[in-house]
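# Secondary and tertiary structure notes
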Amino acid sequence: MQPKLTLVGAGPGDGELITLKGIRALRQANVILYDDLANATLLDFAPEQALRTYVGKRAGQVSMSQDDINRTAVRLARKHGHVVRLKGGDPFVFGRGYEEYAYALEHHIPCEVIPGVSSCIAVPASQHIPVTCRGVSESFWVITGTTRQGDLSDDLYLAAQSKATVVILMGLNKLDEICAMYCQYGRGHLPMAVVQNGTRANEQCVVGQVWEMPSLVALQGVGAPAVLMVGEVVGLHPSYSMAYLHDLSTARV
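Residues numbered from 1 in each chain as written. Predicted model: local features only at pLDDT ≥ 70, side-chain atom pairs only at ≥ 80, totals over all residues. Heavy atoms only, no water.

### Section: the nonpolar core
By size, the foremost hydrophobic cluster in this structure holds 25 residues, and its most contacted members are Leu156, Leu175, Tyr182, Met192, Val194, Met213 and Leu228. By residue number, the principal contributor to this core is helix H6 (residues 175–184), which donates five residues. Not counting residues up to four positions away in its chain, the partners in contact with Leu156 are Ile143, Val166, Ile168, Ile178 and Met181. Ala25, Ala29, Leu42 and Ala46 belong to the second-largest nonpolar core, a separate cluster that totals 17 residues. (Core = buried A, V, L, I, M, F, W, Y, C linked by side-chain atoms within 4.5 Å. Buried < 20%, exposed > 50% of the residue type's maximum accessible area, 1.4 Å probe, protein only. Helix = DSSP H or I, 4+ residues; strand = E, 2+ residues; numbered from the N terminus. Contact = heavy atoms within 4.5 Å.)

### Concerning the pattern of salt bridges
Taken as a whole and assessed by the stated rule, the structure comprises eight salt bridges. The partner of Arg85 in a salt bridge is Glu100, and the shortest N-O contact between them spans 3.0 Å. Residue Arg85 is located in strand S4 (residues 82–87), and its partner Glu100 is located in helix H3 (residues 97–106); the two are separated by 15 residues in the primary sequence. By relative accessible area, Glu100 is classed as buried at 4%. Among the ionic pairs, Glu177 bridges to Lys174, the shortest N-O distance being 3.5 Å. (Salt bridge = Lys/Arg side-chain N within 4 Å of Asp/Glu carboxyl O.)

### What about the state of the cysteines?
Throughout the structure, instances matching the rule amount to zero disulfides. Between Cys133, a cysteine without a disulfide, and Cys205, which holds the nearest cysteine sulfur, the sulfur-to-sulfur distance is 17 Å. With no disulfide partner, Cys183 has as its closest neighbouring cysteine sulfur the one in Cys179, 6.7 Å distant. Of the residues examined, Cys183 reaches a relative accessible area of 35% and is grouped as partly exposed. (Disulfide = S-S within 2.5 Å.)

### Observations regarding helix H2 (residues 66–80)
For H2, with 15 residues, the first-to-last C-alpha span of 21 Å sits near the 21 Å given by 1.5 Å per residue. Among the residues of H2, those classed as buried are Gln66, Ile69, Asn70, Thr72, Ala73, Val74, Leu76 and Ala77. Where H2 is buried, its residues touch strand S1 (4–9), strand S2 (31–35), strand S3 (51–56), S4 and H3. Following H2 by one or two positions, Gly81 adopts a phi angle in the positive range, close to 110 degrees. (Expected span 1.5 Å × (residues − 1).)

### Thoughts on empty space enclosed by the protein
The tally for this structure, following the rule as stated, stands at one cavity of 30 Å³ or more. The volume enclosed by the largest cavity comes to roughly 30 Å³. Forming the walls of the largest cavity are Leu5, Ile69, Asn70, Ala73, Glu100, Tyr103 and Ala104. When contributions to the lining of the largest cavity are tallied by element, the ones reaching two or more residues are H2 and H3. (1 Å grid on protein atoms, 1.4 Å probe; cavity = no way out; pocket = protein on both sides within 12 Å on 5 of 7 lines; lining within 4 Å. Points joined across faces, edges and corners; volume = space filled by probe spheres on them.)

### Details of the packing of H6 against helix H7 (residues 213–220)
Between H6 and H7, the least distance of the axes is 9 Å, while the angle of their chain directions is 155 degrees. Taken as axis vectors, H6 and H7 run roughly antiparallel relative to one another. Contact with H6, carried on its side by Leu175, Asp176 and Cys179, involves Met213, Pro214 and Val217 of H7 and no other residues of that element. Considered class by class, the residues forming the contact of H6 with H7 number five nonpolar, no polar and one charged. (Axes fitted to C-alpha atoms, helices over the stretch in contact; angles between N-to-C directions. Parallel < 35°, antiparallel > 145°, perpendicular 65-115°, else oblique. Nonpolar A, V, L, I, M, F, W, Y, C, P; charged D, E, K, R; others polar.)

### Here we look at unusual backbone geometry
Omega for the peptide link from Ala224 to Pro225 comes to 0 degrees, which places this bond in the cis form. Mapped onto the secondary structure, Pro225 falls in the loop between H7 and strand S10 (226–230). Here the phi dihedral of His128 falls at roughly 60 degrees; this positive angle occurs in a residue that is not glycine. Checked against the element boundaries, His128 lands in the loop between helix H4 (119–126) and strand S6 (140–144). If you check the backbone angles, Met170 has positive phi at about 55 degrees while not being a glycine. With respect to the helices and strands, Met170 occurs in the loop between strand S7 (165–169) and H6.

Have a look at this one:
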């Protein structure tokens, strides 16, 4: 069999949000290397005899290293043929997909990339929060919550001073630091949402303002994986609107 690697974006969590092209690749797979964030039901699209290998990739849990994943994909492609690397969200949005793509090409393995629906837009949409909205937000930033060095991204400090919607991926463990930074810029009263398991049946959403978000998240027991959203568009969420109107009516009494 001819060796081949296909990077497939599995979407944000709901198994029905994968693309038709992604399903077609799964049906033609000899091997599937799948992430923790990819919906396990997608494995049902693969042939019964296809080798299924779990590689982890959830923060704070035991996983294959990225180097091991790269080597495994190439080794299995040479041995079995078509390897599908099933990755949560979109492979090229904080998914380290390009590293896997480049490694495969360096080792003379043809590689195809099938984009996926990224959580940076799908999770806000699942909560009826638009990342852009005429008259409210003209742009949006998508930023990692933690750099390779374990620090906040320099871009986050710039984004926090803009009027843009800011979507932060892999940032829950930096929530206190992120909110403190916004407060330092005098933006502690911006609407904010934290969504765990976005688009899945067990999705959980916390909506409030930046200054109170760490306590709200702790109170409701929200954990990873989570998407953080900051900006005026979050104020369009029904829960936020109800709370805000309640606060206004109470203040007027």
